Each structure stands twice: as structure tokens, then as C-alpha cells.
Amino acid sequence: MKKRLITAGIALFALLAGILLVGQPARAAAGFTVSDGKLYDANGNEFVMRGVNHAHTWYQQQTSSFANIKALGANTVRVVLASGQRWTKNEAADVANVVSLCKANRLICVLEVHDTTGYGEQAGAATLGQAVDYWISVQSALTGQEKYVIVNIGNEPYGNQNYGTWATDTANAIKRLRTAGFAHTIMVDGPNWGQDWSFTMRDNAASVFAADPQRNTVFSIHMYGVFDTAAEISDYLGRFRTAKLPIVVGEFGHNHSDGDPDEDAILSYTQANRIGWLGWSWSGNGGGVEYLDLAVNFNPADLSSWGQRLFNGTNGIKQTAREASVYTGTPPTTPPTAPPTTPPTAPPTSPPVGIGCTATYSVTGQWQGGFQGDVKITAGVSPINSWVVRWTYANGQTVSQAWNATVTSSGSTVTAGNVSYNGRLAAGASTSFGFIGTWNGSNPAPTLSCNAT
């Protein structure tokens, strides 16, 4: 990672009108796919990245980092690899080992080539074309791993100079990977050392997405000093949401030499809008940005203040991460199949007033004395404006904190109601909320009731 001082002003340009016209394909099952601006895993379940970056190529002996990152609750790790232009190439055998470490620890692997960092400004940096050459050279380690691996073509592939060909070069790189047989979801970084202050990625995202014959590309913005206000964060990410183009925050920190990013706003906005993120970075930073280490000297028991914030703070990893369903085996959520058409024996009746939704409960992570849960609410045959879910614990469990719902407890009974942005659901549509709870002895799932108006 290398960041440079960004002094250019932030101009709020409109997105190209063509962004709104980009078609979205139906989801396939081979691996991760993109639809309607969201990322789905191979089971067809929406997946929101909550993880960190790990500088593997410079610290290849730190293989325990994968287990330590997982133990702290992450569902994704973005792994630094080298293509050989600036750092020693990670060969196919090492890439295969990285993938196996991700899978063994039930993490989704985002693999990135770091040699492209700052091309056009950084001496010796690799081109996106050279990054594609690298991916093809290690393709044997990646074929068949589409359920677990996302290919991030090149890290921050332009600096603050000569970035005008970003869109063409990125589109060509995507097409070359597809021609070579890569069926993975592809991730692409913005120029300007990843921060896209020129809005080159933002304003060309639609055409780059359309260049992918599989329509399976995710855009990655890096948020450091350029993104030091909530308004800048919400405007940038919000334009991708409006255009229904998939966006993640592929790197961000709590501070940097180019300014003070608003990490609280990043975490709050992404959580409210189900946008993925990957904090920089696990450990091993140098060059004056050692404060970006989440774990001091790779020790998971010695988190920095940044590490405590990212893993344990409000809207952090422990509160919000959910393991990919390719590891949990959770089937996709689909509307119920209509029964065969037969002559009715009695006229249909309307559902009772106030009963227009169903709710399902799942434990998404559990540790001694604590657990993380998820409740999914699905509207019935008619749209709803609000919902309330209730359940009663039978074994002394409690809810200590929650997000995406207003949750109260009275004895063993828990009541959860929608918040302002997730009460209205179209017929058959779903939303969800999460919570952290405590347990002792056993932790069976309770029976839920759901009422809607």
C-alpha cells in the first residue's frame, strides 16, 4: 500500500446517464455473481464483505494470520500478492496455499496484485495488462475456486498522473480474463492511488461494467484522506447505489498522511446500506503509517486502537460480519413454489389484518458465552409498511445489542421493530437485522412471530 497527498478539490459530477441503463444478468451458481448492484454467493445469498487486508506477499511466514483474522469475526480477507515487477512473484503453488488457508478458515479470499500500485507515477509499477499476464500464469490455482475467490485485478492501478486511460485499460483487462476462462467475480480499483478523487472510476463505471461479458464486476474505492467528511462518503457510495452498480470499500483507515478519513461515517453508511468493506491492514505496515496496523506485531491479543475500533466497535466486524453461506450451507431464499392449480373447495380468504410477514432466526456465529444472530423478515402476498418480530427465549439467552432494528427485551421476551429505512417491503421482498446475544448451557432457536401493517 502506498498513498500520496491528495490536494485536488472534490467536484460532484453527475454519473453518466448510461449507468442507469446497464442490464443485470440472472444469477448463476458457479461462484460469486452480481445482480442489481449486489454481490451474491454461489448459494444465491447476498454477501456483504466484512474483513481486512493482509500483506501476505511480504510476510509469507505469517500463515496463522488467516485463523486469527477469522477468530476475530471477519468473513473476508483481501490478500496482497506480487506479480514480479516490483516484488518477488507469488507463484501458483503459493496462491493455491493462500486459497486453502482461506477455505480452511471459512474466509472469502479477495486476491489482489500489488505491483500495479500508482502506475504512471510510481517508478517500476506494473500495468493492468501485466497484472492479467500474472493471473493467467497462476490460473491453475484458481480454476474451480469461484465459490471462494474474488480476483482483484490490480491494486490502485494509477497514481495522480496519466490516469486518463483507466477505463479502457480496465475494460480490456476484464475482457482478457474472461477470454482466458476466468469465471470469478472480478474486482477493480479506482485510480488516484485508489481514491478516485478525479471521479474517473465513478463516471466510467457503467461502461466498464458493460465491458464484462458476464456482468460480474465489483468496483472498489479506497477511502483515506480524500474521504474526510460524511457528505463525501455518502455521495460517492450513494451514486453507485443509485446506479445499481456494485461497490465496496476495498481499503480504508482511521488516519493517514494525506488527511483524516471519517471512519465512523464509512462504517455507519456501509452498514445502513449493506456495502462491503475491508480495513487496512492486519499488521506489518511501515514507512510512517505503522498506526494502520490492526494487530501489533501480528498478535491478535494485542489490537491497536484502530484494531479495537474495526473489530469490536460500533458497526465493526463483530457486530456486522456474517459468514458466507458457502461455508454454512444455507440454501438460497426463494419465494415459495406455487401449488398445482386445482379447483378450489372453498373461496380464498384474506390474511388477518396485521399478519403479513414471516420471520426466520439463525445463529451466524457462536463463542463461549456469546453469539451473533440474524433474523430475516419476508413480506407475504401484499406489500407492508412496517413489521414487528417477537420471540421468547427458553434457556436464559439475552440480546445485548442489535443493528437494523429497534430491539427491546422484557424478561425472556424480545421484541424487534423495523427502523426508518427497512420497514416498507414489496410483496415477497425481504430484509434482515442482526444482533449480539449471550447464552449459557444451550442455545436453541426460538419460535418467531411476525406482524406487519
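These remarks concern the structure in this document. Worth saying up front: this structure is predicted, and the values here are computed from it rather than measured. (Residues numbered from 1 in each chain as written. Predicted model: local features only at pLDDT ≥ 70, side-chain atom pairs only at ≥ 80, totals over all residues. Heavy atoms only, no water.)

1. Re the overall build of the protein chain
A count of helices and strands for the protein chain gives 10 helices and 18 strands. Contacts in the protein chain between residues far apart in sequence, at least 24 positions, make up 76% of those at least 6 positions apart. Of the roughly 18,100 Å² of accessible surface on the protein chain, a fraction of 53% belongs to carbon and sulfur atoms. (Helix = DSSP H or I, 4+ residues; strand = E, 2+ residues; numbered from the N terminus. Contact = heavy atoms within 4.5 Å. Areas by Shrake-Rupley, 256 points an atom, 1.4 Å probe, with all protein chains shown as cover.)

2. A few points about the state of the cysteines
Covalently bonding the sulfur atom of one cysteine to the sulfur atom of another cysteine gives a disulfide. Summed over the entire model, instances satisfying the criterion amount to two disulfides. Sulfur-sulfur distance for the disulfide between Cys-102 and Cys-109 comes to 2.1 Å. When the S-S torsion is 55°, as for the bridge of Cys-102 with Cys-109, the disulfide is right-handed. The pair formed by Cys-102 and Cys-109 is uniform in burial state, with each residue classed as buried. Covalently, Cys-357 is tied to Cys-450 through a disulfide, its sulfur atoms 2.0 Å apart. Its S-S torsion of about -105° marks the bond between Cys-357 and Cys-450 as left-handed, since a negative value means left-handed. Here Cys-450 lies in strand E18 (residues 448-452) and Cys-357 lies in strand E11 (residues 357-367), a separation of 93 residues in the sequence. Across the pair, exposure class does not vary: Cys-357 and Cys-450 are buried alike. (Disulfide = S-S within 2.5 Å. Buried < 20%, exposed > 50% of the residue type's maximum accessible area, 1.4 Å probe, protein only.)

3. Here's the deal with the nonpolar core
Ranked by internal contacts, the top residues of the largest apolar core, which has 99 residues, are Leu-111, Trp-135, Leu-142, Ile-153, Phe-219 and Leu-237. Per element, the largest residue contribution to this core is six residues, and it comes from helix H2 (residues 92-104). The contacts of Trp-135, once residues within four sequence positions are left out, are Leu-81, Leu-111, Glu-112, Val-113, Leu-142, Val-151, Asn-152, Ile-153, Leu-177 and Phe-182. Ranked by size, the runner-up nonpolar core spans 23 residues in total, among them Phe-371, Phe-433, Phe-435 and Leu-448. (Core = buried A, V, L, I, M, F, W, Y, C linked by side-chain atoms within 4.5 Å.)

4. A short note on the pairing of strand E9 (residues 247-252)
In terms of burial, E9 is largely enclosed, as six of its six residues are buried. The sheet contact formed by strand E8 (residues 217-223) and E9 spans five bridges and is parallel. Following the sheet pairing, Ser-220 is matched in E9 by Val-248. (Pairing = 2+ DSSP bridges.)

5. Overview of the sheet that holds strand E15 (residues 406-410)
In space, the four strands of this open sheet follow the order E15-E16-E13-E18, with antiparallel pairing throughout. Looking at strand neighbours, the two that pair on one side only are E15 and E18, the edges of this open sheet. The mean inter-strand angle of the sheet, taken between neighbouring strand axes irrespective of direction, is 15°. Pairing of strand E13 (residues 387-392) with E18 involves five bridges; the strand directions are antiparallel. Residue pairing across strands places Val-388 opposite Asn-451, the latter belonging to E18. (Axes fitted to C-alpha atoms, helices over the stretch in contact; angles between N-to-C directions.)

6. Here's the deal with the sheet that holds strand E12 (residues 370-379)
Sheets are built from strands that pair by backbone hydrogen bonding, the pairs being arranged parallel or antiparallel. Taken together, the four strands give an open sheet; going across it, the order is E11-E12-E17-E14, and neighbouring strands pair in antiparallel fashion. A strand with exactly one partner marks an edge of an open sheet, and here the two such strands are E11 and strand E14 (398-403). Strand after strand, the sheet turns through a mean of 25° between neighbouring axes, direction not considered. In this structure, E12 lies alongside strand E17 (residues 430-438), joined through nine bridges in antiparallel fashion. Bridge assignment links Gly-370 to a residue of E17, and that residue is Thr-438.

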